[in-house]
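Remarks on the overall topology
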Amino acid sequence: MADIRNIVILTGAGISAESGIDTFRDAGGLWEQHRVEDVATPEAFARDPDLVLRFYDMRREAIQTKAPNPAHRALARLDREWEGRLLIVTQNVDDLHERAGAERVLHMHGEHLNAWCTACDTRSRWTGPLIDRPDCPACGEPRLRPDIVWFGEMPYRMEDIYAAMRGAHLFVSIGTSGAVYPAAGFVRDARSLGAKTLELNLERSQGSGWFDETRLGPASELVPSWVD
Ligand SMILES: CC(C)NC(=O)[C@H](Cc1c[nH]c2ccccc12)NC(=O)[C@H](CCCC/N=C(/NCCC(=O)O)S[C@H]1O[C@H](COP(=O)(O)OP(=O)(O)OC[C@H]2O[C@@H](n3cnc4c(N)ncnc43)[C@H](O)[C@@H]2O)[C@@H](O)[C@H]1O)NC(=O)OCc1ccccc1
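A quick note: this is a predicted structure, and the numbers were derived from the prediction, not measured. (Residues numbered from 1 in each chain as written. Predicted model: local features only at pLDDT ≥ 70, side-chain atom pairs only at ≥ 80, totals over all residues. Heavy atoms only, no water.)

**Focus on the overall build of the protein chain**
- In terms of regular secondary structure, the protein chain is built from nine helices and nine strands.
- Against the compact-globule benchmark of 17 Å for 228 residues, the protein chain has a radius of gyration of 18 Å, which places it among compact chains.
- When its C-alpha atoms are laid out on the principal axes, the protein chain stretches across 55 × 35 × 30 Å.
- Within the span of the protein chain, comprising 228 residues, buried residues form 52% of the whole.
- Here the contacts in the protein chain between residues at least 6 apart in sequence split such that 64% fall between residues at least 24 apart.
- Summed over all atoms, the accessible surface of the protein chain reaches about 10,700 Å², with 51% contributed by carbon and sulfur.
- For the protein chain, the distance from the average position of its 26 positive side-chain charges to the average position of its 35 negative side-chain charges is 3 Å. (Helix = DSSP H or I, 4+ residues; strand = E, 2+ residues; numbered from the N terminus. Rg over C-alpha atoms; globule rule 2.2 N^0.38 Å. Buried < 20%, exposed > 50% of the residue type's maximum accessible area, 1.4 Å probe, protein only. Contact = heavy atoms within 4.5 Å. Areas by Shrake-Rupley, 256 points an atom, 1.4 Å probe, with all protein chains shown as cover. Lys, Arg positive; Asp, Glu negative; His and termini not counted. Charge placed at Lys NZ, Arg CZ, Asp CG, Glu CD.)

**Let's talk about the environment of P42**
- Turning to its location among the elements, P42 is positioned in helix α3 (residues 42-47).
- Considered as a pair, P42 and V149 are 107 residues apart in the sequence and their alpha carbons are 9.2 Å apart.
- In this view, P42 contacts W150, F151 and E153; residues no more than four positions away in its chain are not counted.

**A short note on the site of the ligand**
- Taken together, 34 residues sit near the ligand, with R25, R59, G152, T176 and S177 positioned nearest.
- Contact between the ligand and Q91: an oxygen atom at 2.7 Å from a side-chain N or O atom of the residue.
- One of the backbone N or O atoms of G152 is found 2.7 Å from an oxygen atom in the ligand.
- When the ligand sits alone it has 1,500 Å² of accessible area, and the protein chains cover 77% of it.
- In terms of residue class, the shell around the ligand is made up of 17 nonpolar, eleven polar and six charged. (Near = heavy atom within 4 Å. Polar contact = N/O pair within 3.5 Å; in protein donor to acceptor, adjacent residues only side chain to side chain. Nonpolar A, V, L, I, M, F, W, Y, C, P; charged D, E, K, R; others polar.)

**Focus: the nonpolar core**
- Among the nonpolar cores identified, the biggest contains 25 residues, and I9, L75, V172, I174, V223 and W226 are the most heavily contacted of them.
- Listed by contribution, the elements that provide at least two residues to this core are β1 (7-11), α5 (70-81), β2 (86-90), β7 (170-174), β8 (196-201) and α9 (219-227).
- Setting aside residues no more than four positions away along its own chain, V172 makes contact with I7, V8, I9, L10, L198, L200 and W226. (Core = buried A, V, L, I, M, F, W, Y, C linked by side-chain atoms within 4.5 Å.)

**Quick look at the state of the cysteines**
- Per the stated rule, a full pass over the model turns up zero disulfides.
- Here C136 is not cross-linked by a disulfide; its sulfur's nearest cysteine counterpart is in C117, at 3.8 Å.
- In this model C139 remains outside any disulfide bridge; the closest cysteine sulfur is found in C117, 3.7 Å from its own.
- Overall, the relative accessible area of 34% leaves C139 in the partly exposed class. (Disulfide = S-S within 2.5 Å.)

**Some details on the environment of Q206**
- By the element assignment, Q206 lies in the loop between β8 and β9 (213-216).
- Taking the C-alpha atoms as reference points, Q206 and G178, 28 residues apart in sequence, are found 5.2 Å from one another.
- Excluding residues that lie within four positions of it along the chain, Q206 makes contacts with S177, G178 and A179.

**Examining empty space enclosed by the protein**
- For the coordinates displayed, the defined rule picks out one cavity of 30 Å³ or more.
- Lining the largest cavity are 16 residues; nearest its centre among them are S173, T176, G178, A183 and A184.
- Tallied by class, residues from the lining of the largest cavity come to eight nonpolar, seven polar and one charged. (1 Å grid on protein atoms, 1.4 Å probe; cavity = no way out; pocket = protein on both sides within 12 Å on 5 of 7 lines; lining within 4 Å. Points joined across faces, edges and corners; volume = space filled by probe spheres on them.)

**Description of the UniProt feature "active site" (unreviewed entry) in the protein chain**
- Under the UniProt annotation, "active site" (unreviewed entry) lies at H109.
- Mapping H109 onto the fold places it in the loop between β3 (105-107) and β4 (110-117).
- Beyond its immediate chain neighbours, meaning those up to four positions away, H109 contacts T90, Q91, V93, D147, I148, V149, P155 and V180. (UniProt positions renumbered as here; feature names shortened; annotations may be inferred.)

**A look at the packing of aromatic side chains**
- Tallied over the full model, the rule gives five aromatic pairs.
- Aromatic rings pair up to connect F45, F55, Y56 and W150 into one cluster.
- Directly above the ring of W116 sits R123, whose terminal nitrogen or CZ lies 4.2 Å from the centroid. (Phe/Tyr/Trp six-rings, centres within 6.5 Å; stacked < 30°, edge-to-face > 60°. Lys NZ or Arg CZ within 6 Å of the ring centre and 35° of its normal.)

And the structure:
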């Protein structure tokens, strides 16, 4: 690690699997129980807002009963001790990275514990349900939606992610299947910018071929052993 100063870490549902949060594509995953286009697109929200709000109310409630696992804690430790540049770019909408103590975290697909007002564009911390159409704390309009990036919507803070990648010496991908873009393309971007690339995953992902090194196993074991 001697010549490594700047690190970008991409995490996906696999890092929260051992905390009891369903992944998307694994057996019994979220997308097996619900059709993406029925619950995670702006069109679905326009067509049947109750179905979408109930889907996210259920998940928002569930994640508040879960706890970070050794993989989250190891990354939080690295975040505390690493003097170089470090950014944890997560596709996850849970708050387990932060609850483990990590600070340099960017949620590119949004956060469960935020509500977004489509009347005044304010984002407010929100832990309760949205199905009863509560008023926006900022403007009072009952126009809150989950602060989640749905399919077809632009991910958050792409310019900050690319800025971090531009200076990165190492790009590490943890617990993601590499099925969803633009996140699935980051390994190629990182390589073309000269970074070393490492994958830590339970099984080979769709992007495995692009990594210099792939280590297979559960995140709760792979991540602490990589960090220490
Ligand atoms: C399905 C796919 C083909 N479709 C897309 O990629 C689309 C369309 C698209 C865009 N560009 C393309 C290029 C080619 C093809 C298609 C596209 N992308 C979009 O619509 C994106 C928006 C996508 C975001 C959608 N929202 C999510 N989440 C929030 C919602 C919610 O959570 O409800 S995506 C959601 O699914 C993805 C799930 O993937 P993973 O996290 O990887 O989870 P998965 O279950 O798949 O895999 C788990 C992995 O963990 C491993 N694992 C399991 N257990 C463990 C364990 N214990 N330890 C370690 N590993 C483990 C498993 O082996 C497995 O590999 C995550 O990103 C997650 O956030 N927006 C966009 O493109 O806007 C315009 C744009 C963008 C940029 C510039 C200009 C214009």
